[in-house]
Structures are given as structure tokens and as C-alpha cells.
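Coordinate analysis (summary)
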Amino acid sequence: MRILICEDSVLLREGLVRLLEDAGHQVVAALPDATALDETVAEVAPELCILDVRLPPTFTDEGIRAALRLRSAHPDLPVLVLSQYVEERYASELVIGRGGALGYLLKDRVADVRDFLETIERIGSGATVLDPEVVAQLLNRRTRDERMQRLTQREATVLALIAEGKSNQAIAGTLFLSEASVEKHITAIFQKLELEPDESGNRRVLAALAHVEHGSSPADAPHPPQTGAAR
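Note that this is a predicted model, so its numbers are computed, not measured.

Definitions and limits used
- Residues numbered from 1 in each chain as written.
- Predicted model: local features only at pLDDT ≥ 70, side-chain atom pairs only at ≥ 80, totals over all residues.
- Heavy atoms only, no water.
- Helix = DSSP H or I, 4+ residues; strand = E, 2+ residues; numbered from the N terminus.
- Buried < 20%, exposed > 50% of the residue type's maximum accessible area, 1.4 Å probe, protein only.
- Contact = heavy atoms within 4.5 Å.
- Areas by Shrake-Rupley, 256 points an atom, 1.4 Å probe, with all protein chains shown as cover.
- Pairing = 2+ DSSP bridges.
- Axes fitted to C-alpha atoms, helices over the stretch in contact; angles between N-to-C directions.
- Polar contact = N/O pair within 3.5 Å; in protein donor to acceptor, adjacent residues only side chain to side chain.
- Salt bridge = Lys/Arg side-chain N within 4 Å of Asp/Glu carboxyl O.
- Right-handed = clockwise from strand over helix to strand, strands pointing away.

**Describing the overall build of the protein chain**
For the protein chain, the count of helices and strands is 11 helices and six strands. Taken over 231 residues, the protein chain has a buried fraction of 49%. Long-range pairs, those at least 24 residues apart, make up 72% of the contacts in the protein chain with a sequence separation of at least 6. When the accessible area of the protein chain is evaluated, it comes to approximately 10900 Å², of which 49% is carbon and sulfur surface.

Listed below in C-alpha cells is the structure:
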């Protein structure tokens, strides 16, 4: 996969380059800031962009604004955002906004090399993968959305795992359920969120977006397992 990295930390940037190239990927650009990001993307045509949330010169929201811009200008370009801490507002803006495949991970996840590389592959293949810490914080947002209040506690837990990017098989393993039971819960979720079947099969993504956009009351939805990035 052709990958562009935009990360101000020299150590992390070079570490990512080495890690990705050793895994067989091609790093087509490694930038210290977003100054020339748009031009570089147009020039080297990456298949995945990895960006830090906070970049020079102010280290506030340069990276997130660049990610939002990329997702708007290049809807088919997968974007992975790395952050030192959970930036709830930024995560919401990214997931709710326009664009294609998306990842939002805490930098600590990079330390688990196998898990990180698997996540890279999933995002590159079109999946949306959210760090469990991000999902857990978004779960704590209160909502008045009647659709979300229709979900049972179990359904809310399944939806949280869907938002992490987990497959039905992975959800079944996490909750110690059969895949048939997981499918029944997901069908109920689609019905309660009023998501009609469509030819593109986007109901799963739309359900995850509804979950992230509207959150869930802490009393109704427990935190998902804190086990690392989605598989």
C-alpha cells in the first residue's frame, strides 16, 4: 500500500516509516507538518494518509483540519488519525463528516505492532476503525435522540462494537454469543434506528455514525471492552 505520513515527531515519523516499509508497504512521503500536504497528496497519490491530530505551528488543530480537508477533497482516500489523547469533538467531526474509510487511534496503539498493522490493512480496505478509548468517551455523551433510546442494553453494546469496526464474528467472541444471536441483535438495531436496506449495504456504517453522532446515556450503554484496536 502507498502511504503518506504527516507527523511532527521525528522519532515517531521515522519509526512509522521503518515499521510500514518492513511490513511491505511503500511510504511515498513523510511530512513534518501539513504545509504541503494537499500538493503532496495530489503529486504522489497515496492509498492511505496517516496524520497526527496536532501539528505545527500551533499544535492545536492543524492535523484535524487537514484530515477533514482531505476527506472532503478526496472522498475515496482512507485516512488514519493518530492522537496522544482522546479528542472527542475532533473524533465526532471526522466520523460524521464527509469521506471514506477512517481510523482514529491513540498513539499508544502503535506499540502493539501486529494490531497496528492489521488496523492499517483494515482501513486501507475500506473499514472505519475507532480506538476503544474514543468509543468509550463518546458513549458517555447524553442524547435526546429517540432512536438511540429504543435500544436495549445489549443492543447498545453491540452497536458500540460495530462502531469500533468489529466484525460479527469478533462481536460474538467478545460477548460470548453465537454469530446468529449477534445477527439478530444487529437486525433489531437497524429496525430501531429506522435504517432501511439499500443496495450499497451502508446500514452498518450508518448505524455506527448514528452511535458516534448521538452517543448514548451512560445508564443505558456500558463501556465496550478496552482491548485495543478493532480486529
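**With respect to unusual backbone geometry**
P57 follows P56 through a cis peptide bond whose omega is 10°. With respect to the element layout, P57 can be found in the loop between β3 (48-52) and α3 (62-73). Positioned with a positive phi, A45 is a non-glycine residue whose angle comes to about 50°. Among the structural elements, A45 can be located in the loop between α2 (37-44) and β3. The partly exposed category is assigned to A45, whose relative accessible area is 48%. Backbone geometry at F59 places phi at a positive 55°, although glycine is not the residue there. By secondary structure assignment, the location of F59 is in the loop between β3 and α3.

**Observations concerning the sheet that holds strand β1 (residues 2-6)**
Taken together, the six strands give an open sheet; going across it, the order is β2-β1-β3-β4-β5-β6, and neighbouring strands pair in parallel fashion. Strand pairing shows two members of the sheet lacking a second neighbour, β2 (26-31) and β6 (128-130), which therefore form its edges. Put simply, the sheet's adjacent strands are angled 15° from each other on average, direction ignored. As defined by bridge partners, β1 adjoins β3 across four bridges and the pair is classed as parallel. Note on β3: the bridge partner recorded for C6 is L51. Contacting β3, β4 (79-83) and β5 (102-106), α3 runs over the sheet at an angle of about 160° to β3.

**A short note on the side chain of E155**
Within the secondary structure, E155 is located in helix α8 (residues 153-163). Overall, the relative accessible area of 6% leaves E155 in the buried class. A polar side-chain atom of E155 sits 2.9 Å from a polar atom in the side chain of K192.

**Thoughts on the pattern of salt bridges**
Applying the stated rule across the entire model yields seven salt bridges. One salt bridge in this structure joins K107 and E7, with 3.4 Å as the shortest N-O distance. Within this pair, whereas K107 is found in the loop between β5 and α5 (113-124), its partner E7 is found in the loop between β1 and α1 (10-22), the two being separated by 100 residues in sequence. When sorted by exposure, K107 lands in the same class as E7, which is buried. One salt bridge connects D61 with R65, and the closest N-O pair in it is separated by 3.1 Å. Taken together, the salt bridges that share partners define one network made up of E7, D52 and K107.

**Observations concerning the pairing of β3**
Across the five residues of β3, five count as buried, placing the element largely inside the fold. By the alternation rule, side chains of β3 split into L48, I50 and D52 and C49 and L51, which are all buried. Bridge count for β3 against β4 is four bridges, and the pairing is parallel. Across the sheet, residue L51 finds its bridge partner in β4, namely V81. With respect to chirality, the unit in which β3 leads through α3 into the neighbouring parallel β4 is right-handed.

**With respect to the environment of A101**
Locating A101 in the fold gives a position in the loop between α4 (88-96) and β5. For A101, a relative accessible area of 8% translates into the label buried. Along the chain, A101 and L77 lie 24 residues apart, while their C-alpha atoms are 7.1 Å from each other. If we skip the residues at most four places from it in the chain, A101 touches R71, L77, P78, V79, I123, G126 and A127.

The values are spatial; any link to function lies outside them.
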